[in-house]
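Listed here are the chains, written in short residue letters.
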Amino acid sequence: MIETAEAKKTANQAEESVTGQMMKFDHEEVLFCNDNATGLRAIIAIHNTVLGPGLGGCRIWKYSHEAEALNDVLRLSRGMTYKAAVAGLNLGGAKAVIIGDSKHIKTEALMRRFGRFIDDLGGKYITAEDVGSSSHDMEYIRMETRHVTGIPKYMGGSGDPSPVTAYGVWLGMKAAAKERWGSDSLNGKKVAVQGIGNVGENLVKHLTEEGAKVYISDINEEKLKEVANRLKVEVVGLDKIFDLDVDVYAPCALGATLNTANIERLKCSVIAGAANNQLADEKLHGEMLMKKGILYAPDFVINAGGLINVYSELSGNYSKERAISQADKIFHITKEIFHVSAKENVPTYLAANRIAEKRIESIGKVKLNH
Ligand code: NAD
């Protein structure tokens, strides 16, 4: 590959920030997986295993550079540590990324080779689905390791976690509505959903059933048309979503859409969506939202439904009803975070981080004593 000067500059900047982030985020282990026979290029990042084995999905994405993939996996795995901790699960945080276009690189051999790398970690990392991977891919990984979850229902697994994730996001949005408008009803509220993939579409179903006025955007035009034909929604342009006069913005595509430029444009009072790592810079943009008077429901708190679902699968005898009832607590946890944020006058992301860190610290002490 011939690199332009601009691409080299971006890569160097990314590499610099990665070194800084690895130190800041304090990862336990980062594994680079290369296999020429299958073309597998993957990174597994284990952030923290104090509460239990690191569980996090496998993202397959066409990163423009390996440094970008590393940056992503470091941020995502840290987010999983906090997500599991706040949700009260006995899980640590980890994540994997496979570099490449999921439409072209996925083969049985590649997924199984990835499974072998996971198996070598001896259970410190448990994988699951994420953007670009499916329960069918988990089936291939399962042929090489038992440290995988989200496997298809016909294999005794829990299948696609997205419906439970969407349910939790909807509850988190309702908790934010209660905090902001005094009622948890979203009936008549205007909600902009960015990304109508597995989670986004399920969220849109909850919202339209409840009587919200929903706007959707997606880079996948076919999917947009298909959803607009089936559900009562209005399609908007990719960039226009940030300028809409709506009550709620729900980022359900990729992360980092809450950056300085976009936040300045937003007119909503609440942000509640499924995407991981929505804040481009946690501190800067978390504070910016607070100053702007926008109530931000932290992503890793309200999108924990999928993790709760696969945790239920790991515990054995999976039942969707049980997973859904465990996900119900997302409403109360989100309210608790708003309460701490108001009481301590700190941004909501920080309130959530503090709750997570407190639990990791206290359970870490319990484990040390035995
Ligand atoms: P998905 O791949 O099924 O859906 C993502 C959608 O976003 C796709 O339709 C894609 O075309 C669209 N998209 C990408 N870039 C876009 C852009 N710039 N503007 C508008 N749309 C765009 O993924 P998913 O499983 O629905 O997950 C969505 C987000 O939620 C991801 O960030 C994922 O990490 C997070 N998440 C998912 C789960 C889960 O259970 N699937 C759990 C927790 C968090």
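These figures come from a predicted structure and were not determined experimentally.

1. Things to note about the site of the ligand
In the vicinity of the ligand lie 23 residues, with Arg59, Thr165, Val199, Asp218 and Ala253 positioned nearest. Here a nitrogen atom of the ligand and a side-chain polar atom of Ser162 are 3.3 Å apart. With respect to the ligand, the backbone of Val199 contributes an N or O atom lying 2.8 Å from an oxygen atom. In isolation the ligand exposes 830 Å². Once the protein is present, 83% of that is buried. Those elements that provide at least two residues to the shell around the ligand are α6 (162-181) and α7 (198-210). Composition of the shell around the ligand by domain shows at least three residues from each of domain 1 (26-77 + 91-155) and domain 2 (162-358).

2. A look at the nonpolar core
Grouped together as the largest cluster of nonpolar side chains are 65 residues, with contacts concentrated most on Met173, Val193, Leu203, Leu207 and Ile216. Of all the elements, α6 adds the most residues to this core, at 10 residues. Formed by 22 residues, the second largest nonpolar core is a distinct cluster that contains Ala94, Phe117, Ile118 and Ile151.

3. Details of the pattern of salt bridges
One side chain can pair with another of opposite charge once the charged atoms of both are near each other. On inspection of all chains with the given rule, the structure shows 21 salt bridges. A salt bridge links Lys124 to Glu29; its shortest N-O distance comes to 2.7 Å. Of the two residues, Lys124 sits in the loop between α4 (108-120) and β5 (125-129) while Glu29 sits in strand β1 (residues 29-35), which places them 95 residues apart along the sequence. A salt bridge links Arg265 to Asp239; the nearest nitrogen and oxygen atoms lie 3.0 Å apart. One end of the pair, Arg265, is in helix α9 (residues 260-265); the other, Asp239, is in the loop between β8 (233-235) and β9 (248-251), and 26 residues separate them in sequence. Exposure remark for Arg265: the relative accessible area of 25% places this residue in the partly exposed category. The class of Asp239 is partly exposed, set by a relative accessible area of 47%.

4. Considering the side chain of Thr145
Mapped onto the elements of the fold, Thr145 is located in the loop between α5 (135-142) and α6. Within polar-contact distance, the side chain of Thr145 engages the backbone nitrogen of His147 at 3.1 Å. If sequence neighbours within four positions are ignored, Thr145 has contacts with Gly115, Ile118 and Asp119.

5. Regarding the domain arrangement of the chain
Think of interface size as the accessible area that goes away when the parts come together; that is how it is often given. Each domain of the chain was delimited in the assignment, giving domain 1 (26-77 + 91-155) and domain 2 (162-358). Each of domain 1 and domain 2 has a C-alpha centre, and the two are 25 Å apart. Taken residue by residue, the interface counts 13 residues in domain 1 and 10 residues in domain 2. Contact with domain 2 buries area across many residues of domain 1, yet Arg75, Leu91 and Thr149 alone supply 44% of it, more than any other trio.

6. Structural notes on the sheet that holds strand β4 (residues 92-99)
Strand order in the open sheet formed by five strands is β1-β2-β4-β3-β5, and the pairing between neighbours is mixed. Two strands lie at the open edges of the sheet, namely β1 and β5, each paired on one side alone. Direction aside, the axes of adjacent strands within the sheet are offset by 20 degrees on average. Helix α2 (residues 66-87) rests against β1, β2 (40-48), β3 (54-61) and β4 of the sheet, and its axis sits at about 155 degrees to β4.

7. A closer look at the side chain of Asp130
Along the chain, Asp130 turns up in the loop between β5 and α5. The residues touching Asp130, leaving out its near neighbours within four places in the chain, are Gly57, Cys58, Arg59, Lys95 and Asn276.

8. Focus: the sheet that holds strand β10 (residues 270-271)
Here six strands make up an open sheet; going across it, the order is β8-β7-β6-β9-β10-β11 and the pairing parallel. On the outer flanks of this sheet lie β8 and β11 (295-296), each paired with one strand and no other. Where strand β6 (residues 190-194) meets strand β7 (residues 213-217), five bridges bridge the pair, whose relative direction is parallel. Bridging across to β7, Ala192 finds its partner in Tyr215.

9. Description of the packing of α2 against helix α15 (residues 348-368)
Where α2 contacts α15, the axes come no closer than 8 Å and their chain directions differ by 75 degrees. Accordingly, the angle class assigned to the pair α2 and α15 is roughly perpendicular. Two secondary-structure elements touch here, α2 through Arg78, Thr81, Tyr82, Ala84, Ala85 and Val86 and α15 through Ala352, Asn353, Ala356, Glu357, Arg359 and Ile360. Within the contact of α2 with α15, the residues separate by chemical class into seven nonpolar, two polar and three charged.

Quick notes on the rules
- Residues numbered from 1 in each chain as written.
- Predicted model: local features only at pLDDT ≥ 70, side-chain atom pairs only at ≥ 80, totals over all residues.
- Heavy atoms only, no water.
- Near = heavy atom within 4 Å.
- Polar contact = N/O pair within 3.5 Å; in protein donor to acceptor, adjacent residues only side chain to side chain.
- Areas by Shrake-Rupley, 256 points an atom, 1.4 Å probe, with all protein chains shown as cover.
- Helix = DSSP H or I, 4+ residues; strand = E, 2+ residues; numbered from the N terminus.
- Domains from an automatic or database assignment.
- Core = buried A, V, L, I, M, F, W, Y, C linked by side-chain atoms within 4.5 Å.
- Buried < 20%, exposed > 50% of the residue type's maximum accessible area, 1.4 Å probe, protein only.
- Salt bridge = Lys/Arg side-chain N within 4 Å of Asp/Glu carboxyl O.
- Contact = heavy atoms within 4.5 Å.
- Buried area = accessible area lost by both parts, 1.4 Å probe.
- Pairing = 2+ DSSP bridges.
- Axes fitted to C-alpha atoms, helices over the stretch in contact; angles between N-to-C directions.
- Parallel < 35°, antiparallel > 145°, perpendicular 65-115°, else oblique.
- Nonpolar A, V, L, I, M, F, W, Y, C, P; charged D, E, K, R; others polar.

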